[in-house]
Amino acid sequence: MAAHLLSAPSLKSNPTKTPSLSWRLPLPASLTSVAPRGRRSFVVMAMDAKPTVLVAEKLGAAGLDLLKNFANVDCSYNLTQEELCTKISLCDALIVRSGTKVSREVFESSGGRLKVVGRAGVGIDNVDLSAATEHGCLVVNAPTANTVAAAEHGIALITAMARNVAQADASVKAGKWQRNKYVGVSLVGKTLAVMGFGKVGSEVARRAKGLGMHVIAHDPYAPADRAHAIGVDLVSFEEAISTADFISLHMPLTPATSKILNDESFAKMKKGVRIVNVARGGVIDEDALVRALDAGIVAQAALDVFTEEPPAKDNKLVLHENVTATPHLGASTTEAQEGVAIEIAEAVVGALKGELAATAVNAPMVPAEVLSELAPFVVVAEKLGRLAVQLVAGGSGVKSVKVTYASARAPDDLDTRLLRAMIIKGLIEPISSAFVNLVNADFTAKQRGLRIAEERILLDGSPENPLEYIQVQIANVESKFASAISETGEVKVEGRVKDGKPHLTRVGSFNVDVSLEGSLILCRQVDQPGMIGKVGSILGSENVNVSFMSVGRIAPRKHAVMAIGVDEEPKKETLKKIGDIPAVEEFVFLKL
Ligand SMILES: NC(=O)c1ccc[n+]([C@@H]2O[C@H](COP(=O)([O-])OP(=O)(O)OC[C@H]3O[C@@H](n4cnc5c(N)ncnc54)[C@H](O)[C@@H]3O)[C@@H](O)[C@H]2O)c1
Ligand SMILES: O=C(O)[C@H](O)COP(=O)(O)O
């Protein structure tokens, strides 16, 4: 991405000292959701001495060498939170893996000196991103270097579990020779369901094919042709879990995937299924897994990750005789750690020098004047992305997105890069563990094979208002809400700013008008009197507050789409009651 998006760092040359740095990064609250009023920008202060980097967890030697060429490096492992908080005020950068909690207290204790946190790995669940941004601290990660290691660990767990390697090893070491007890199962010809066909999942699939397994995958957002290219069929969640002999989890932990394997899903699985998890502990309801193991539905599980890490000593799942457990070792190979160390050291050094980091996860940057003008449209853009992706049910994956900006401004007079970044953020964040901002939006989209085509419609009228409306269309997909498909076959949503507020103004071929706040119910019905009352009273009786309601129809007494903004998330039963109204043909609940 072009460096001029960031107000350029001023480098004062001084032959005897490290160059001084001064960045000024305007801070759009919508990109970070954390900037308190009056703190919309932050400045990385001038550094006249060599910076100090605290490496709080073991990092590969090549990465350390890179850091040492530029900074004083303090490797202090196993620090308590208190020790970390004490040290941090003397450090310009901090590098961690998943074992160090970089809490708000750490940022507060830094006294403003900490400028960069480097996460040597993918997940940044251990870094308080809001606090980082509030304190003007850039967070960078290393998202690709440990993919193969994680995939290899998944395969190691599948094979070790199938042949009882861990249990048999413990038995031999205890002086036993139990050849009959540890008869395993073969992998060849067995069906493996890969849940989450991203970087790690696709590498697991490729390797499992080599072991002679029949591989299917479930990932509503992955391109089908990428799966077909390696001989994998993308199937529904139900089909994946009900037909698999082995299930391997590779999706991020998001509100939608939290406890996605639970009592209900275990009940649908083949008796004797085997489960592997090298993603995040929270995607499995661990108590439900213990029940499924006890009931014999799940024959075995092999787990690298846990809801709480390290798990409690008396954790029933870890102690279960049919469970193989490893202490979050997915990324722990010499090679991956060298790769991650180099990736993160380069990112941290680059950030300390004032360069843009493609793997930055919280760096907002856009000129303040552009930001203030586009601020309300930024919200529309992100929400349209979120809505559009949540409307997708399947098809060839979210690959091709067309964004249309309708404006009376000449194209040169309207910088849409921030809007595009926010649409990408809206499209990607609900379906991944990625954090998207202006720095990494295009990079993240490209990495996921997501093509964003932008089109401008030049309107007559006053160019005072930067934009009339934004349209987001996703091609080659099916929708959970058939009415969201436009006349030309794409999932289509359109929004605009009204009285300073973001509004949804079109879904598919239906005009609607609903404020984009809280959550949204879209409902297609036969246009007839009394529908608004019926739906409103169901929501009212369940204490769900309706913030907005609008009906768009093709013609009187034909079909209509009702858009209902709600402040609270309705219960499943409440939504079912709406679906049961005879005139309702389809409906969908969407989180904004
Ligand atoms: N154990 C370890 O040490 C280790 C190492 C690396 C990665 N990880 C974890 O593995 C997971 C995958 O990492 P990645 O780098 O492949 O991420 P990725 O973003 O490349 O892939 C995740 C995939 O999951 C899909 N997905 C999202 N929601 C889904 C849903 N509801 N159902 C099915 N699929 C869904 C996405 O479309 C995407 O294709 C992450 O949770 C990551 O933190 C763990
Ligand atoms: O998020 C990751 O990159 C993996 O879970 C690995 O984490 P680790 O580097 O702390 O082992």
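No experiment lies behind these values; they were computed from the predicted model shown. (Residues numbered from 1 in each chain as written. Chains lettered and ligands numbered in written order. Predicted model: local features only at pLDDT ≥ 70, side-chain atom pairs only at ≥ 80, totals over all residues. Heavy atoms only, no water.)

## Examining the pattern of salt bridges
A complete count under the given rule lists 29 salt bridges for this structure. Here R206 ties to E203 by a salt bridge, and the two come within 3.6 Å at their closest N and O atoms. With R206 and E203 both in helix α8 (residues 199–210) and 3 residues apart, the pair spans about one turn of that helix. Judged by its relative accessible area of 44%, R206 is partly exposed. The salt bridge partner of D513 is K498, with a shortest N-O separation of 2.7 Å. Here D513, found in strand β22 (residues 510–515), pairs with K498, found in strand β20 (residues 491–498); they are 15 residues apart in sequence, far enough to count as distant. (Salt bridge = Lys/Arg side-chain N within 4 Å of Asp/Glu carboxyl O. Helix = DSSP H or I, 4+ residues; strand = E, 2+ residues; numbered from the N terminus. Buried < 20%, exposed > 50% of the residue type's maximum accessible area, 1.4 Å probe, protein only.)

## Notes on the nonpolar core
Counting residues in hydrophobic clusters, the biggest one holds 52 residues, and the most contacted among them are L391, I470, I474, L504 and L522. Of all hydrophobic cores here, the second largest spans 30 residues; its members include M269, I284, L289 and F306. (Core = buried A, V, L, I, M, F, W, Y, C linked by side-chain atoms within 4.5 Å.)

## What to know about the packing of helix α2 (residues 61–68) against helix α14 (residues 334–353)
Relative to each other, α2 and α14 sit at 20 degrees, their axes nearing to 7 Å. Relative to α14, the element α2 is oriented roughly parallel. Between α2 and α14 lies a crossing of right-handed hand. In this structure, α2 uses A61, A62, G63, L66 and L67 to contact α14, whose residues at the interface are E338, A341, I342, A345, E346, V348 and V349. Considering only residue class, the contact of α2 with α14 consists of 9 nonpolar, 1 polar and 2 charged. (Axes fitted to C-alpha atoms, helices over the stretch in contact; angles between N-to-C directions. Parallel < 35°, antiparallel > 145°, perpendicular 65-115°, else oblique. Left-handed = near helix turned anticlockwise from the far one by under 90°. Contact = heavy atoms within 4.5 Å. Nonpolar A, V, L, I, M, F, W, Y, C, P; charged D, E, K, R; others polar.)

## Digging into the site of ligand 1
With respect to spatial proximity, 25 residues lie near ligand 1, and among them K199, V200, D219, V278 and I431 are the closest. Taking D219, its side chain carries an N or O atom lying 2.6 Å from an oxygen atom of ligand 1. For ligand 1, a nitrogen atom lies 2.9 Å from a polar atom in the side chain of D304. Bound to the protein, ligand 1 loses 94% of the 850 Å² it would expose on its own. Counted by class, the shell around ligand 1 contains 12 nonpolar, 8 polar and 5 charged residues. (Near = heavy atom within 4 Å. Polar contact = N/O pair within 3.5 Å; in protein donor to acceptor, adjacent residues only side chain to side chain. Areas by Shrake-Rupley, 256 points an atom, 1.4 Å probe, with all protein chains shown as cover.)

## As for the sheet that holds strand β21 (residues 501–507)
Overall, mixed pairing links the 6 strands, which are arranged β17-β16-β18-β20-β21-β22 in an open sheet. Of all strands in the sheet, those with a lone pairing partner are β17 (451–458) and β22, marking the two edges. Taken over all neighbouring pairs, the strand axes of this sheet differ in orientation by 20 degrees on average, direction set aside. Note: β20 against β21, 6 bridges, orientation antiparallel. (Pairing = 2+ DSSP bridges.)

## Comments concerning the confidence of the model for the protein chain
Looking at the protein chain as a whole, the pLDDT averages 87, with 89% of positions reaching at least 70. Across the assembled chains, the prediction reports ipTM 0.99 with pTM 0.72. (pLDDT = per-residue confidence, 0-100.)

## Comments concerning the site of ligand 2
Lining the immediate surroundings of ligand 2 are R97, S98, R119, A120, G121, V122, G123, N146, R280, H328 and A331. For ligand 2, an oxygen atom lies 2.6 Å from a polar atom in the backbone of V122. Contact between ligand 2 and H328: an oxygen atom at 2.6 Å from a side-chain N or O atom of the residue. Protein contacts shield 92% of the accessible area of ligand 2, which totals 310 Å² for the unbound molecule. In the shell around ligand 2, the residues fall into 3 nonpolar, 5 polar and 3 charged.

## Regarding the side chain of S515
Looking at the element boundaries, S515 is found in strand β22. We classify S515 as buried; its relative accessible area is 2%. Those residues in contact with S515 that sit more than four places away from it in its chain are P502, H503 and F548.

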